[in-house]
Amino acid sequence: MATAIRAGVIYALIVFLIGFIFGTVRVLLLAPHIGETLAVSLEAPVMLIASWFVSRWCLDWLDVPRTVEARSLMGAVAFAVLMLAALVFGRSGAEFAGSYASCPERSVSLPK
């Protein structure tokens, strides 16, 4: 189980770093030109794909056992580390989750 915990921590830290880099590009380069909603919509699939590949790499590199318990523990640890990172940067778990419930701007203006 120590391997699964280590894999979860490494997975979370790598995904956090990738998200930090993509988020910086999104905020500084994309959002001012195409809007926040479209920029996030473009970033999300890239983050999901990156997360998938990082997860597979951690599973293979650290040889996490192929059991539901070990892999669930890895995911739970990764989630906990990411939530702790959000707290460190001043956002509660509720604020983080709530940020996905609304759009920051209208991406299409309707004619009057």
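Please refer to the structure higher up on the page.
So, here's what we can say about the structure. (Residues numbered from 1 in each chain as written. Predicted model: local features only at pLDDT ≥ 70, side-chain atom pairs only at ≥ 80, totals over all residues. Heavy atoms only, no water.)

### Let's talk about the packing of aromatic side chains
Move 1: Applying the stated criterion across every chain, the model contains one aromatic pair.
Move 2: Both rings, one in W57 and one in W61, keep their centres 4.9 Å apart while their planes meet at 10 degrees; by these two values the pair is stacked. In this pair, W57 and W61 both sit in helix α2 (residues 36-61), four residues apart, roughly one turn of the helix.
Move 3: For W57, a relative accessible area of 41% corresponds to the partly exposed category. (Phe/Tyr/Trp six-rings, centres within 6.5 Å; stacked < 30°, edge-to-face > 60°. Helix = DSSP H or I, 4+ residues; strand = E, 2+ residues; numbered from the N terminus. Buried < 20%, exposed > 50% of the residue type's maximum accessible area, 1.4 Å probe, protein only.)

### Things to note about the packing of helix α1 (residues 2-34) against α2
The description of two packed helices rests on the angle between their axes and on the distance between the axes.
Move 1: It is the contact of α1 with α2, at a shortest axis distance of 9 Å, that shows an interaxial angle of 160 degrees. With respect to α2, the element α1 is oriented roughly antiparallel. Crossing geometry of α1 relative to α2 is assigned as right-handed.
Move 2: For the contact of α1 with α2, the residue count by class is 21 nonpolar, four polar and three charged. (Axes fitted to C-alpha atoms, helices over the stretch in contact; angles between N-to-C directions. Parallel < 35°, antiparallel > 145°, perpendicular 65-115°, else oblique. Left-handed = near helix turned anticlockwise from the far one by under 90°. Nonpolar A, V, L, I, M, F, W, Y, C, P; charged D, E, K, R; others polar.)

### Describing the pattern of salt bridges
Move 1: Scanning all chains against the criterion turns up three salt bridges.
Move 2: Where E43 meets R26, a salt bridge forms, and the shortest distance between an N and an O atom there is 2.4 Å. Linking E43 in helix α2 with R26 in helix α1, this pair joins segments that are 17 residues apart in sequence. When sorted by exposure, E43 lands in the same class as R26, which is buried.
Move 3: A salt bridge links R56 to D60, with the nearest nitrogen and oxygen atoms 3.8 Å apart. Of the two residues, R56 and D60 are both situated in helix α2; the distance of four residues between them amounts to about one turn of the helix.
Move 4: Exposure remark for R56: the relative accessible area of 28% places this residue in the partly exposed category. (Salt bridge = Lys/Arg side-chain N within 4 Å of Asp/Glu carboxyl O.)

Read these as layout, nothing more, since geometry by itself doesn't imply function.
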